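# Working through the structure, step by step
Below, each chain spelled out in residue letters.
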Amino acid sequence: MRTFSDLSIREKLTAVSVLSSGLALVLACAAFLAYELFTFRQTMVRGLGTQAEMLGYNSISPLLFTDSDAALSLLGSLRADGHILSAGIVTSAGQLFASYARAGAAPATAPNLPSEPSGQRFDQGKLVLYRPIVSAGKQIGRLYIESDTREFDDRVRLYAAITGLVLVVSLVVALVISGRLHRGISDPILGLVQTAKTVSLEQNYSVRAVARTRDELGLLVASFNEMLSQIQNRDRALQQARDDLERRVDERTRDLATQAQELARSNAELEQFAYVASHDLQEPLRMVASYTQLLARRYRGRLDANADDFIGFAVDGVTRMQTLINDLLTYSRIGSQAKELVDVDCETVFDQAMQNLTTSLRENGATVTHDSLPVVRGDVTQLVQLFQNLIGNAIKFHDAAPPRVHVSAQTAGRDYRFSFLDNGIGIDPEYQEKIFVIFQRLHNRSEYPGTGIGLAICKKIVERHGGHIWVESQTGKGSNFCFTMPNRKGAAT
């Protein structure tokens, strides 16, 4: 069911005009009808009162001489008025002296008149009027007359019919006139609404509303059109800026794609070069190492002390160079000789890493514990190397207390979060990002041996498996190396 708020502006204006006009007409007709009916009732009372005054005056003699026949004859003159129902003369003692009743009406009886000598009342469709009969200043009786109100009722119906006809005709005329006049108000508004709807649906800011008047509505339409012009200009400028930006983004994207391809090719060539260089350096370096070691065995003590030191320095340098080349070879193989990722049980990975670290565990009196570890998608060889490097570092970088390491893994959203918690020397927060860069060392080789590649290898392995690695630590309070691996079950869901 439609409510007033659902109507169009034209329907609302028409409804307001018709309802306002109709309400004004109803009030005017009601006031006119009430006034006419009140006046007519007063006229009835005055007319009937005049008859009563005349009859009362003529009833003095019959009452004084107790001539009921004359009184009856006097009352019989009321037959000329078809609205008179009954009438009667009552003595001062309250006795009915003479009466009249219209043919077909009930016989007149002495009514129960009020105590006041004169008055009237409307009661149950009839008018009852009573007047005193006075002789020589003394009331000798009273006259009453009962008249029906058919004339009043007929007048009410006539006035009601006239009022209804006037209302209908007036409302029709008001509806026709308001419908024509309101177009001057509603048409500009409806045109504005249609224009706004077109702009909203089609995003077309080139359309304009038509200004039909020079009043406030015309000003509103002009302001709306000006707003559309500003939006159109801004939209055009924005579109041009967007096109320029897209063009620059496309150019930059192509440049980045080209650079990425070049970088990928360069990295691949660099990895291949590192692998080839490391591999090709193995044989001459092995030869140098063999001859320097042979030189040390044969001539140590035969030459002077400086010569022995020089030979020792050469052997140590060659040994460190072999270790460095092996680590570089391992680092380059992570990308160049990687295996396909398969389901790998990290419990097996942990056991293999612990087996490889048997000597280090025994020499340092280390204790390594672990929680239940999950199955991940990975390269088993690289994961063993990752576990081995992290556990090995935790064992190597310890203080006076025997090293303790605990390995655990927890679900973290769509990933597994691995944790390698130790009681070692800890790492200053200032250097926690630096330690994952290749060849970066925080201690000299005399304190803690190594090439500075181990954690860089760990970082490259983790990133190759789609995770990231970081450390949580404070100096002297141990370290917690953490990395993430995709949860293949979480990824499946």
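Attention here is on the structure that accompanies the text.

Time to look at the sheet that holds strand β5 (residues 138-148). Pairing within the open sheet is antiparallel, and its five strands lie in the order β2-β1-β5-β4-β3. Both edges of this open sheet fall to β2 (96-101) and β3 (119-123), since each of them pairs with a single strand only. Averaged over neighbouring strand pairs, the angle between their axes works out to 15° when direction is ignored. Taken together, the seven bridges between strand β1 (residues 84-91) and β5 define a ladder with antiparallel strand orientation. Note that in β5 the partner of I84 across the bridge is S147. Contacts from helix α3 (residues 68-76) reach β1, β2 and β5, with the element oriented near 30° to β2.

Take the side chain of N487 next. Looking at where N487 falls in the secondary structure, it is placed in the loop between β12 (479-486) and α12 (488-492). There is a polar contact of 3.3 Å between the side chain of N487 and the side chain of Y416. Beyond its immediate chain neighbours, meaning those up to four positions away, N487 contacts T411, R414, D415 and Y416.

Relative orientation of the contacting elements helix α8 (residues 346-356) and helix α10 (residues 380-396) amounts to 55°, with a least axis distance of 8 Å. Taken together, the axis directions place α8 and α10 in an arrangement best described as oblique. Seen from above, α8 lies across α10 with right-handed handedness. Listed contacts from α10 to C346, V349, F350, Q352, A353, M354 and N356 of α8 are V380, L383, V384, F387, Q388 and I391. Its residues assigned to classes, the contact of α8 with α10 shows 10 nonpolar, three polar and no charged.

For the structure shown, the criterion picks out 11 salt bridges. For D154, the salt bridge is made with R157, and the minimal N-O distance between the two is 2.5 Å. Of this pair, D154 and R157 both sit in helix α4 (residues 150-181), three residues apart, which is roughly one turn of that helix. Via salt bridges that share partners, R102, D148 and R150 belong to a single interconnected network.

The geometry of an aromatic ring pair comes down to the distance between the two centres and the angle between the two planes. This structure, assessed with the given rule, holds six aromatic pairs. Between F418 and F483, the aromatic rings sit 4.9 Å apart at their centres with planes inclined by 10°, giving stacked as the arrangement. Remark: F483 occurs in strand β12 and F418 occurs in strand β10 (residues 415-422); sequence separation between them is 65 residues. Judged by its relative accessible area of 1%, F418 falls in the buried class. The exposure class of F483 is buried, given its relative accessible area of 1%.

A few words on the pairing of strand β4 (residues 126-135). Extensive coverage of β4 is indicated by the burial of seven of its 10 residues. As defined by bridge partners, β3 adjoins β4 across five bridges and the pair is classed as antiparallel. Looking across to β4, one finds that D123 is bridged to K126. If you look at the hairpin formed by β3 and β4, you'll find two residues sitting between the two strands, and Q124 has a positive phi there, around 55°. Sheet topology places β4 next to β5; 10 bridges connect them, and they run antiparallel. In the strand pairing of β5, S135 is matched with K138. In sequence, β4 turns back onto β5 through a hairpin of two residues, with A136 there showing a positive phi of about 55°.

Attention now moves to the nonpolar core. For soluble globular proteins, nonpolar side chains are generally found buried alongside one another. Counting residues in each nonpolar core, the largest one holds 40 residues, and the members touching the most others are F387, F418 and F483. Elements represented by at least two residues in this core include exactly α8, α10, β9 (404-412), β10, α11 (454-464), β11 (469-473) and β12. Dropping the residues within four chain positions of it, F387 is found in contact with C346, V349, F350, A353, L373, V407, F418, F420 and F483. Within the second largest apolar cluster, 28 residues are counted, among which are L78, I84, A98 and L129.

Cut-off values and rules
Residues numbered from 1 in each chain as written. Predicted model: local features only at pLDDT ≥ 70, side-chain atom pairs only at ≥ 80, totals over all residues. Heavy atoms only, no water. Pairing = 2+ DSSP bridges. Helix = DSSP H or I, 4+ residues; strand = E, 2+ residues; numbered from the N terminus. Axes fitted to C-alpha atoms, helices over the stretch in contact; angles between N-to-C directions. Contact = heavy atoms within 4.5 Å. Polar contact = N/O pair within 3.5 Å; in protein donor to acceptor, adjacent residues only side chain to side chain. Parallel < 35°, antiparallel > 145°, perpendicular 65-115°, else oblique. Left-handed = near helix turned anticlockwise from the far one by under 90°. Nonpolar A, V, L, I, M, F, W, Y, C, P; charged D, E, K, R; others polar. Salt bridge = Lys/Arg side-chain N within 4 Å of Asp/Glu carboxyl O. Phe/Tyr/Trp six-rings, centres within 6.5 Å; stacked < 30°, edge-to-face > 60°. Buried < 20%, exposed > 50% of the residue type's maximum accessible area, 1.4 Å probe, protein only. Core = buried A, V, L, I, M, F, W, Y, C linked by side-chain atoms within 4.5 Å.

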